[in-house]
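Chain by chain, the residues run as shown.
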Amino acid sequence: MTRRYDVVVLGAGAAGMMCALKAGQRGLRVLVLDHARAPGEKIRISGGGRCNFTNLHAGPANYISGNRHFAKSALARYTPRDFLALVEKHRIAWHEKTLGQLFCDDSAKDIIRMLLAEMQAGDVELRLQQPVGAVEKSEDGFRIALDGGVVEARALVVATGGKSIPKMGATGLAYRIAEQFGLPVTETRPALVPLTLEPAMLEKLSALSGIAVEAEVRHGKTGFREALLFTHRGLSGPSILQISSYWREGDAITLSLEPDVDLFARLKQARRDNGRQAVQTALGEILPRRLAQFFAEDLRLTAPLADQSDRALQAISTAVQAWSLKPAGSEGYRTAEVTLGGVDVGALDSRSMQAKAVPGLYFIGECVDVTGWLGGYNFQWAWASGHVCGEAL
Ligand code: FDA
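Residues numbered from 1 in each chain as written. Predicted model: local features only at pLDDT ≥ 70, side-chain atom pairs only at ≥ 80, totals over all residues. Heavy atoms only, no water.

Things to note about the side chain of glutamate 152
Under the convention used in this document: Per the convention used, a helix needs a DSSP run of H or I reaching at least four residues, while a strand needs a run of E reaching at least two, with both numbered from the N terminus. Exposure categories follow from relative accessible area, calculated using a 1.4 Å probe and restricted to protein chains: below 20% of the type maximum is buried, above 50% is exposed, and the middle band is partly exposed.
Along the polypeptide, glutamate 152 turns up in strand 10 (residues 149-158). With relative accessibility at 14%, the residue glutamate 152 sits in the buried group.

Right, here's the structure in full:
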């Protein structure tokens, strides 16, 4: 038996649920399909279980896309304050952690419960553990084959996310549907992901595994100033995840450790105050001890500060604050928070997210070639693109 809806949304993630609740509350008959056992699984694990659900400063400049103007319309029409109003309506306690990043006080599950309650208010039907079969155009909409029959809808919204964390149900279905309907898909790659190092470099840095330090990490003109973490695979921490979205194979990145410290001036001062001090000890007042030891050994700095020339102190500063490293690769989709690239924004209407060449077909959320920085920006894109789509259906 074929059941008819106004809208079928594929994917009960952040974008799909937002779109469905908006469309349902506008009086449309909405069905949401997901192959997972529970809705919003990525919301549940996000932000260490507390969901960094938005960023107060979210704007087009915080996103990477084939067209940096594309996200403007949706982000302006559904802002972080709009989402916050919803959170407050549901009396979910929240706090700002840092840099405009808003988190739940208690649990990310509060956000999922909120979205489900709003979907219920819009009489949205949600079917879980529902593998999606063939999708095709019908006379006046779309036909979707399911295990237990066929559903039809005037509009089809694809919100199945990207390729990151396949273990959690990511499939790349959105890209296949886009290609089936002749829409271009830009190259996809893991983003917001730890970077790996060559075995020789890894061996050299093995003693540093587990150390976190404040850093500015740069790739060309782009730089992020946040924590950096040395791991047994390479480099991680917020600053590395951020730069991973810009880094490409073969490129070097530059690390400046403790970038707020004028290291050269501090070392000269230490030489004046206590010339007999070992360089490693002086460095250890600025950097974590193991890191100071690493630089002292790597640069063979055995002589005390008094025996170090300005040139030598400058060289130490450069090693610590203009450290050029060539990552070997990334940890890939297994640990990437998001997928860079996706459905080409040139093929979509930025006000509604509708495919320009296929009326009734919409793409929202992570499957679109709009990728946010770390810090609540990706959920804000999911909410904003879902909301404007839900309004336009
Ligand atoms: P999302 O991936 O959320 O949803 C897609 C849905 O489609 C899923 O429910 C999936 O099961 C379903 N689906 C996929 N293929 C299907 C198929 N073939 N058939 C049926 N259903 C299918 N962002 C942020 O802003 N703040 C944060 O704190 C975090 N933290 C974070 C932590 C971790 C570990 C990860 C992996 C990611 C984050 N993110 C984040 C990123 C954020 O989770 C991501 O940007 C959004 O979930 C994207 O929302 P979507 O709705 O587009 O996809």
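Back to the write-up after that little detour.
Re the sheet that holds strand 6 (residues 101-104)
Worth spelling out the cut-off: Pairing between two strands requires that DSSP report at least two bridges joining them. Axes, fitted as lines to C-alpha atoms, cover a helix only where it is in contact. Angles between the N-to-C directions of the axes lie from 0 to 180 degrees. The criterion used for residue contact is that any of the two residues' heavy atoms lie within 4.5 Å.
Spatially, three strands are ordered 3-6-5 in an open sheet, and the strand pairing comes out antiparallel. The open sheet has two edge strands, strand 3 (52-55) and strand 5 (94-96), and neither has a second partner. Strand-to-strand twist across the sheet, computed as the mean angle between neighbouring axes with direction ignored, equals 25°. Sheet analysis places strand 3 next to strand 6, joined by three bridges and oriented antiparallel. Looking at strand 6, one finds that asparagine 55 is bridged to glutamine 101. Against the sheet, helix 4 (residues 80-89) contacts strand 3, strand 5 and strand 6, and its axis sits at roughly 140° relative to strand 3.

Some remarks on unusual backbone geometry
In this model, arginine 91 sits at a positive phi of 55°, which is unusual for a non-glycine residue. On the secondary structure map, arginine 91 appears in the loop between helix 4 and strand 5. We note that arginine 300 has phi near 50°; this positive angle belongs to a residue other than glycine. Tracing the sequence through the fold places arginine 300 in the loop between helix 11 (289-298) and helix 12 (310-321).

A short note on the site of the ligand
As a reminder, the rule being used: Being near a molecule or strand, for a residue, means having at least one of its heavy atoms within 4 Å of it. The term polar contact refers here to a pair of N or O atoms within 3.5 Å; inside protein, the definition further demands a hydrogen-donor-capable atom paired with an acceptor-capable atom, and it admits residues adjacent in sequence only when both atoms are side-chain atoms. Residue-level accessible areas treat just the shown protein chains as cover; the underlying method is Shrake-Rupley with a 1.4 Å probe. The classification used treats Ala, Val, Leu, Ile, Met, Phe, Trp, Tyr, Cys and Pro as nonpolar, Asp, Glu, Lys and Arg as charged, and all other residues, Gly among them, as polar.
Around the ligand lies a shell of 30 residues, among which Ala15, Asp34, Thr171, Glu366 and Phe379 are the nearest. Alanine 14 is positioned such that a nitrogen or oxygen atom in its backbone is 3.1 Å from an oxygen atom of the ligand. Measuring from an oxygen atom of the ligand, one finds a side-chain N or O atom of aspartate 34 at 2.5 Å. Protein coverage of the free-state accessible area of the ligand, which is 1000 Å², stands at 92%. Those elements that place two or more of their residues in the shell around the ligand are helix 1 (14-25), helix 2 (41-45) and helix 13 (377-392). Counting residues per element, the shell around the ligand draws most heavily on helix 13, which supplies four residues. Of the residues that constitute the shell around the ligand, the class distribution is 13 nonpolar, 13 polar and four charged.

Notes on the nonpolar core
Nonpolar side chains tend toward joint burial in soluble globular proteins. Quick note on the threshold: We call a set of buried Ala, Val, Leu, Ile, Met, Phe, Trp, Tyr and Cys residues a nonpolar core when their side-chain atoms join them within 4.5 Å.
Judged by nonpolar contacts, the single largest core of 84 residues is most densely connected at Ile111 and Phe363. Excluding its chain neighbours within four sequence positions, the residues that come into contact with phenylalanine 363 are Val158, Ala174, Ile177, Ala178, Leu183, Val343, Leu348, Met353 and Val368.

Here's the deal with the sheet that holds strand 13 (residues 212-219)
The seven strands lie next to each other as 17-16-13-14-15-12-18, forming an open sheet whose pairing is antiparallel. Looking at strand neighbours, the two that pair on one side only are strand 17 (323-325) and strand 18 (329-330), the edges of this open sheet. Helix 12 contacts strand 16 (253-257) and strand 17 of the sheet and is inclined by roughly 115° relative to strand 16.

Things to note about the environment of valine 124
Locating valine 124 in the fold gives a position in the loop between helix 5 (109-121) and strand 7 (125-127). For valine 124, a relative accessible area of 13% translates into the label buried. Distance from valine 124 to glycine 172, taken between C-alpha atoms, is 25 Å for residues 48 residues apart in sequence. In contact with valine 124, not counting residues within four places along its chain, are Ala20, Leu21, Gly24, Val30, Val32 and Met119.

Focus on the packing of helix 9 (residues 263-273) against helix 12
We count it as follows: For this classification, under 35 degrees means roughly parallel, over 145 means roughly antiparallel, 65 to 115 means roughly perpendicular, and everything else is oblique. We call a crossing left-handed when the near helix sits turned anticlockwise from the far one by less than a right angle, and right-handed when that turn is clockwise.
Contact geometry for helix 9 and helix 12: axes closest at 9 Å, N-to-C directions at 140°. Between helix 9 and helix 12, the crossing angle belongs to the class labelled oblique. Once helix 9 is placed against helix 12, the crossing between them reads as right-handed. Packed against helix 9, whose contacting residues are Leu263, Phe264, Leu267, Lys268 and Arg271, the element helix 12 presents Asp310, Leu313, Gln314, Ile316, Ser317, Val320 and Gln321 at the interface.

Focus on the environment of glycine 234
In this fold, glycine 234 is placed in strand 15 (residues 234-236). Separated by 149 residues in sequence, glycine 234 and alanine 85 have C-alpha atoms that sit 40 Å apart. Among residues more than four places away in sequence, those in contact with glycine 234 are Leu195, Thr196, Leu197, Leu202 and Leu229.

Regarding the side chain of glutamine 101
Mapped onto the elements, glutamine 101 comes out in strand 6. When sequence neighbours within four positions are dropped, the list of residues in contact with glutamine 101 reads Asn52, Thr54, Asn55, His95, Glu96, Glu226 and Gly375.

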